[in-house]
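# Breakdown of the fold
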Amino acid sequence: MSSIEHNLQQVQQKISAACASCGRDPQTVTLLAVSKTKPVSAIETAADAGQIAFGENYVQEGVEKVQQLANRALIWHFIGPLQSNKSRLVAENFAWCHTIDRLRIASRLNEQRPAVLPPLNVLIQINISDESSKAGISLAELPALADAISQLPRLRLRGLMAIPAPQPDYASQLAVCQQMAAAFSALQQKYPQIDTLSLGMSDDMDAAIAAGSTMVRIGTAIFGARDYGSASVHHNH
Ligand SMILES: *Cc1c(COP(=O)(O)O)cnc(C)c1O
C-alpha cells in the first residue's frame, strides 16, 4: 500500500471516529483532499485509492492538474484566494469555488461559467475569527451577499466556508465552529438547497465535525508536507 493510500485510510478513520463521538453518520462528512503543490502522480495515487474530491489553491497550478486528469471522474474544488483576472479559469475548469467573498467575483463567475457545464457550486467565505485576514466577509454582510448570489443562474449557492484562526484548545475551536454552524443553519432556512459547510482542517477537524461541518479540507496528513521551495511547482499568489 502506498503511503498516500495509507494516509487516506487514517484520515477517513479519524473522520469516522469524530463522527462516532458526536453521533453523526460519517457519510455526511466529505473529505476534500487538498493537493496544492503536489504532483499529478500523487493525485492519481489518491484517486486510485478511491478519493474523488480534490482542492487546489493556485489557479494556474490547479487548471493544469484539472486538464491533465480530465480523463478521470474527479471533482475539483477551488479553495484559494481568487482575483478577478483569474476568475474565468476557475469558471471553466472547476466544479466548486469555496472562496466567494464579494459580488463582483460572483458575477464574473456567473457570466464566465460555460453553458455546457452545470452551474458552478459556490460557498461564501466567512471571516469568522481572524480579523487580521482580509479573506472572507463578516456574518453581518452574509444575508445581502447570499441574496445577490442566489439570483445568479450560473452559480449554485451551496453553503459556507471558513478558515478559523488557530485556537488554544478544543473548547475554543468548538465555540468558533458552532458560530459557523449557526450561520449555516440560518442560511439553510432561507435557501433549502444549501447543504455544505466547508469547515475543519487537520488541527480543528474534530471540533468542526462536532459542530456540524459537512466537508473537511485535509492536505498534509494525506500527501505529506509541502515543499514551497521546489522549483517544480508554480503558485500565483
Ligand atoms: C492548504 C489548505 C488546507 C489543507 O491544509 P493542510 O494543513 O495541508 O491540511 C485546507 N484548506 C485550505 C483553504 C488550504 O489552503
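The following refers to the structure shown. (Residues numbered from 1 in each chain as written. Predicted model: local features only at pLDDT ≥ 70, side-chain atom pairs only at ≥ 80, totals over all residues. Heavy atoms only, no water.)

### A closer look at the overall build of the protein chain
Looking only at helices and strands, one finds 9 helices and 8 strands in the protein chain. The C-alpha radius of gyration computed for the protein chain amounts to 17 Å, which stays within 12% of the reference 18 Å derived for 237 residues, consistent with globular compactness. Counting all 237 residues of the protein chain, 50% fall into the buried class. Sequence-distant contacts in the protein chain: of pairs separated by 6 or more residues, those separated by 24 or more amount to 60%. (Helix = DSSP H or I, 4+ residues; strand = E, 2+ residues; numbered from the N terminus. Rg over C-alpha atoms; globule rule 2.2 N^0.38 Å. Buried < 20%, exposed > 50% of the residue type's maximum accessible area, 1.4 Å probe, protein only. Contact = heavy atoms within 4.5 Å.)

### Section: the pairing of strand 2 (residues 53-56)
Burial along strand 2 is two-sided: the residues Ala-53 and Gly-55 and Phe-54 and Glu-56 are all buried. Both strand 1 (residues 30-34) and strand 2 contribute to a ladder of 2 bridges, which runs parallel. Along strand 2, the bridge assignment pairs Ala-33 with Phe-54. Chirality of the crossover, the property in question, places the unit of strand 1, helix 2 (residues 40-48) and strand 2 among those that are right-handed. (Pairing = 2+ DSSP bridges. Right-handed = clockwise from strand over helix to strand, strands pointing away.)

### Digging into the side chain of Lys-65
Its location among the elements puts Lys-65 in helix 3 (residues 59-68). Once you skip the residues sitting within four places of it in the chain, Lys-65 turns out to touch Ser-35, Lys-36, Thr-37, Lys-38, Val-40, Ile-43, Glu-56 and Trp-76.

### Considerations on the site of the ligand
As a structural note, the neighbourhood of the ligand is formed by 13 residues, with Lys-36, Asn-57, Gly-219, Thr-220 and Arg-226 the closest of them. The separation between an oxygen atom of the ligand and a polar main-chain atom of Gly-219 is 2.8 Å. Contact between the ligand and Thr-220: an oxygen atom at 2.6 Å from a side-chain N or O atom of the residue. Relative to its unbound accessible surface of 390 Å², the ligand loses 88% to contact with the protein. (Near = heavy atom within 4 Å. Polar contact = N/O pair within 3.5 Å; in protein donor to acceptor, adjacent residues only side chain to side chain. Areas by Shrake-Rupley, 256 points an atom, 1.4 Å probe, with all protein chains shown as cover.)

### Considering the state of the cysteines
On inspection of all chains with the given rule, the structure shows 0 disulfides. Looking at Cys-22, it has no disulfide partner, and the nearest cysteine sulfur is the one in Cys-19, 5.7 Å off. Free cysteine: Cys-177, not disulfide-bonded; nearest cysteine sulfur from Cys-22 at 12 Å. (Disulfide = S-S within 2.5 Å.)

### Re the environment of Phe-94
Looking at where Phe-94 falls in the secondary structure, it is placed in the loop between helix 4 (87-93) and strand 4 (96-100). Taking the C-alpha atoms as reference points, Phe-94 and Ala-73, separated by 21 residues in sequence, lie 12 Å from one another.

### What about helix 6 (residues 142-150)?
Taken residue by residue, helix 6 has Leu-142, Leu-145, Ala-146 and Ile-149 as its buried positions. Across the axial projection of helix 6, the buried residues extend over an arc of 100 degrees, all falling on one side. Contact partners of the buried residues in helix 6: strand 4, helix 5 (103-112), strand 5 (120-126), strand 6 (155-162) and helix 7 (170-190). (Arc of directions from axis to C-beta.)

### Examining the environment of Cys-19
Positionally, Cys-19 belongs in helix 1 (residues 3-21). By relative accessible area, Cys-19 is classed as buried at 0%. For the pair Cys-19 and Ala-210, spaced 191 residues apart in sequence, the C-alpha to C-alpha distance is 7.2 Å. Non-local contacts of Cys-19, meaning those with residues more than four positions away in its chain, are made with Arg-24, Asp-25, Pro-26, Val-29 and Ile-209.

### Observations concerning the pattern of salt bridges
For side chains of opposite charge, pairing can occur when their charged atoms come near one another. Summed over the entire model, instances satisfying the criterion amount to 6 salt bridges. Arg-88 is paired through a salt bridge with Glu-92; the nearest N and O atoms lie 3.8 Å apart. Here Arg-88 and its partner Glu-92 are both found in helix 4, 4 residues apart, which amounts to about one turn of the helix. Given a relative accessible area of 44%, Arg-88 falls into the partly exposed group. For Asp-195, the salt bridge is made with Arg-158, and the minimal N-O distance between the two is 2.9 Å. A residue pair is termed long-range when its members are at least 10 positions apart, and Asp-195 in the loop between helix 7 and strand 7 (196-198) and Arg-158 in strand 6 qualify at 37 residues. Here the residues in one salt-bridge network are Glu-56, Glu-61 and Lys-65, joined through shared partners. (Salt bridge = Lys/Arg side-chain N within 4 Å of Asp/Glu carboxyl O.)

### Points about the pairing of strand 4
Burial runs high along strand 4: 5 of the 5 residues are buried. In terms of strand pairing, strand 3 (residues 75-78) meets strand 4 through 2 bridges, oriented parallel. Bridge assignment links Phe-78 to a residue of strand 4, and that residue is Cys-97. In this fold, the crossover linking strand 3 to strand 4 by way of helix 4 has right-handed handedness.

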